[in-house]
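Here is how the chains run, residue by residue.
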Amino acid sequence: MKRIQAVEQAAMVLPRELRLALLSQEPSQLNRCEEIRARAGRGLSWTDDTGTEHPVCPGSAPMPVTAEDLRMAVELAARSSMQGVQDKLANGFLPLRGGHRLGLCGTAAIREGSILQFRTLSSVNIRVACPVENVGAELLPELMAADRFQSTLILAPPGEGKTTLLRDLIRLLGARGIRTGLADERGEVAALYQGVPQLEVGTLCDVADGCGKGEGLLLLLRTMNPHVLAADEVSKPEDVEAICQGANCGAAILATAHGGSVEELGRRGVYRPLLEQHVFSRLVTIHRENARRSYEVHPL
Amino acid sequence: MVHLLGGGVVTLACVWAGWQGRQWYYRRWNRLNRFCHALARMEAELGSWETDTWTLMSLLAEEDEFFRRLCRKENQNGEDSFSTLWTNTMNEMSLPLTEEERTLLNRTGTVLGRYDGKTQAFLLGNIRVQLQHCTETARQQAARQGRMVVLFSLSAGLTLTVLLIS
């Protein structure tokens, strides 16, 4: 799917007027769109592949956005089924058909110390998923040793392409006959829609979503006998615990985390067990210069 | 002879009009009954499985034209809110309902898909209780007023026939 088609698909959750205003942008601009943002009382904008935000101004003024527009976007994203998305709302995002994601921000309603949902929305952010294939092809041989995949951690700051690389590596592992169990908590990697992955993760990938990464990884380990366990954005102690458990059960691990370097990772207590137990033997860092990304493999 | 034939035609026309009036009451009763069944199914699905709203509507569409039309509307115009689609379908179908019953059913459109499964089931349960009351009233009206309308139209037809002959 071309990016412009992905943008059109992702924009389907916007109310009609906002969608038309966005899609009236030049095709060359839409082809670089990575995010669509709408802020109540302010306006609609899109972010290009360098991270720069551009306001959508159909006339001379920015396209106005109301809180009702944002509420409507959530209803369309949930397909009028708030009953099925309560847990996702509490996490602040909704997965969309096609693997896109609607991020939410506003006044939170709290129950028992955690976010229940949003009373009012102040902004939404649609992350446009556009899978880039073969980004991991050159990398994969360096992550293999004697035909076995070596546990790998992909490390980069947000928005650098960790998820894209993770997804492509899973697909490439499948092509080599290596079975992967993917805990896709936020539905961003495989983006299951009625059980079918919307994004290319290959034929040998079993996906657990709708539950936390920790629970998902343990479920996959119990039921799917994976060669590799994969998870995106490991950030909680229970995720780390499940990864350690998986590593001790003979499965290789492929995971991503926010961070710039191993030193930075080591300073965050939650990741310490992963480093102390030597769970990972490879580290991949991503560097971005304008729209170009480069990958570097470090042995651990 | 011509007067007699004319009288017969007038009587038949009046009885036919009365019969149509009676049918309206029965159609209303039948329609309300169907909505009651649909609401009971919605409650069960949402209470047990938290079924996705449109999956639920397509299940109901297998049995009822109203839900078939609603699903078609969603396919054609998925960018409207659920309550808008519901109200538009209600308005388009010219259902044989009173204003009070329409208002009650339109509330269903504002409840569905808006809350968690248990809350929706609870609110739908409230609407169903009121709708059952309306259904019972409609059944009684269909039996009593339906009969009265037919009798009234028959006597009106006969009176016209007598006037025509004399």
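Counting restarts for each chain: residues are numbered from 1 in the order of the written sequence. Note on labels: chains are lettered from A, ligands numbered from 1, in written order. The predicted origin of the model limits local features to residues at a pLDDT of at least 70 and limits the giving and counting of side-chain atom pairs to 80 or more, whereas totals for whole chains, interfaces and linings rest on all residues. Values shown for side chains rest on all heavy atoms present in the structure; no hydrogens or waters enter the calculation.

1. Side note on the overall build of chain A
Alright, step 1. Along chain A, the regular secondary structure elements total ten helices and 17 strands.
Alright, step 2. We compute the radius of gyration over the C-alpha atoms and compare it with the globule rule, which gives 2.2 Å times the number of residues raised to the power 0.38. A compact globule built from 300 residues should have a C-alpha radius of gyration of about 19 Å, and chain A, at 20 Å, falls within 12% of that.
Alright, step 3. Expressed along its principal axes, the backbone C-alpha trace of chain A runs to roughly 60 × 45 × 35 Å.
Alright, step 4. Taking the contacts inside chain A whose residues are at least 6 apart along the sequence as the reference set, 62% of them involve residues at least 24 apart.
Alright, step 5. The accessible surface values rely on the Shrake-Rupley method and a 1.4 Å probe; as for residues, cover is taken only from the protein chains in view. Total accessible area on chain A stands at roughly 13,800 Å², and carbon and sulfur atoms take up 48% of it.
Alright, step 6. We score Asp and Glu as negative and Lys and Arg as positive, and we do not count His or the chain ends. Each charge is placed at NZ for Lys, CZ for Arg, CG for Asp and CD for Glu. Across chain A, 33 positive and 36 negative side-chain charges occur, with their mean positions spaced 2 Å apart. Under the scheme used here, helices are H or I runs from DSSP no shorter than 4 residues and strands are E runs no shorter than 2 residues, and both carry numbers assigned from the N terminus. Throughout, a residue-residue contact means that at least one pair of heavy atoms, one from each residue, lies within 4.5 Å.

2. Here's the deal with the overall build of chain B
Alright, step 1. Across its full length, chain B carries six helices and zero strands.
Alright, step 2. Helices and strands in chain B line up, N terminus first, as α-α-α-α-α-α.
Alright, step 3. Reported as C-alpha extents along the three principal axes, the dimensions of chain B are approximately 70 × 35 × 25 Å.
Alright, step 4. The buried label goes to any residue with under 20% of its type's maximum accessible area, the exposed label to any with over 50%, and the partly exposed label to all in between, with areas taken from a 1.4 Å probe on protein chains only. In chain B, which comprises 166 residues, the proportion classed as buried is 41%.
Alright, step 5. Counting only contacts in chain B whose residues sit at least 6 apart along the sequence, the fraction spanning at least 24 positions is 64%.

3. Brief notes about a nonpolar patch on the surface
Residue and element names in this part refer to chain B.
Alright, step 1. Within the patch definition used here, like charges are joined within 9 Å and nonpolar side chains (Val, Leu, Ile, Met, Phe, Trp, Tyr) within 5 Å, considering only residues with over 30% relative accessible area and no salt bridge. One side-chain nitrogen of Lys or Arg within 4 Å of one carboxyl oxygen of Asp or Glu is enough to make a salt bridge. A surface patch of nonpolar side chains, amounting to about 550 Å² of accessible area, comprises Met 1, Leu 4, Leu 5, Leu 164 and Ile 165.
Alright, step 2. Put simply, the parts of the chain that give the nonpolar patch at least two residues each are α1 (2–49) and α6 (117–165).
Alright, step 3. Relative to the elements of secondary structure, Met 1 occurs in the segment before α1.

4. Topic: the nonpolar core
Alright, step 1. For the purposes of this section, nonpolar cores are sets of buried Ala, Val, Leu, Ile, Met, Phe, Trp, Tyr and Cys residues that join through side-chain atoms within 4.5 Å. Residues A:Leu22, A:Ile36, A:Leu44 and A:Leu102 are the most contacted members of the largest nonpolar core, which totals 37 residues.
Alright, step 2. The set of elements that each furnish at least two residues to this core consists of α1 (3–10), α2 (16–23), β1 (33–39), β2 (43–48), α4 (67–77), β5 (101–111) and β6 (114–127) of chain A.
Alright, step 3. If one sorts the elements of this core by residue count, α4(A) sits on top with five residues.
Alright, step 4. Once residues within four sequence positions are removed from consideration, A:Ile36 is found in contact with A:Val7, A:Ala11, A:Leu14, A:Leu22, A:Leu44, A:Ser45, A:Trp46, A:Val124, A:Asn125, A:Ile126 and A:Val128.
Alright, step 5. With 32 residues, the next largest nonpolar core counts B:Leu70, B:Leu85, B:Leu105 and B:Leu112 among its residues.

5. Quick look at the confidence of the model for chain B
A low pLDDT score tells you not to read the predicted coordinates there in detail.
Alright, step 1. A score between 0 and 100, pLDDT records how confident the predictor is in each residue. Averaged over all residues, the pLDDT of chain B equals 90, while 100% of them reach at least 70.
Alright, step 2. Of the two predicted TM-score estimates for the complex, the pTM is 0.74 and the ipTM is 0.73.

6. Observations concerning the interface of chain B and chain A
Alright, step 1. Listed by partner, the interface residues are 20 residues for chain B and 13 residues for chain A.
Alright, step 2. What counts as buried area is the accessible surface, traced by a 1.4 Å probe, that two parts surrender upon association, with contributions from both included. When chain B packs against chain A, the two sides together hide about 1,300 Å² of surface, and 37% of this comes from carbon and sulfur.
Alright, step 3. It is B:Trp54, B:Glu79 and B:Arg114 in chain B that bury the most area against chain A; as a group they hold 37% of the surface buried on that side.
Alright, step 4. Linking chain B with chain A are five salt bridges, by the criterion used here.
Alright, step 5. In this structure, A:Arg16 engages B:Glu79 in a salt bridge whose closest nitrogen and oxygen atoms are separated by 2.4 Å.
Alright, step 6. Here a polar contact means two N or O atoms within 3.5 Å. Within protein one must be a hydrogen donor candidate and the other an acceptor candidate, and residues neighboring in sequence count only if both atoms are side-chain atoms. One can count eleven residue pairs in polar contact (both at pLDDT 80 or more) joining chain B with chain A.
Alright, step 7. Every element with two or more residues in the side of chain B that touches chain A is listed here: α2 (53–61) and α6 of chain B.
Alright, step 8. Here the term charged refers only to Asp, Glu, Lys and Arg, the term nonpolar to Ala, Val, Leu, Ile, Met, Phe, Trp, Tyr, Cys and Pro, and the term polar to all other amino acids, Gly among them. Of the residues contributing to the side of chain B that touches chain A, the split by class is five nonpolar, eight polar and seven charged.

7. Looking at the pattern of salt bridges
Alright, step 1. Taken as a whole, this structure holds 28 salt bridges over all chains when the rule is applied.
Alright, step 2. Put simply, B:Glu79 and A:Arg19 hold a salt bridge, and the shortest N to O gap is 2.7 Å. Taken together, the positions of B:Glu79 in the loop between α3 (65–76) and α4 (82–92) and A:Arg19 in helix α2 put the pair across two chains.
Alright, step 3. For A:Arg32, the salt bridge identified is with A:Asp49, shortest N-O distance 3.4 Å. Within this pair, whereas A:Arg32 is found in the loop between α3 (27–30) and β1, its partner A:Asp49 is found in the loop between β2 and β3 (53–55), the two being separated by 17 residues in sequence.
Alright, step 4. A residue is classified by how much of its surface remains accessible, and A:Arg32, at 35% relative accessible area, is partly exposed.
Alright, step 5. Bridged by salt links that share partners, the residues A:Arg16, A:Arg19, B:Glu79 and B:Asp80 form one connected network.

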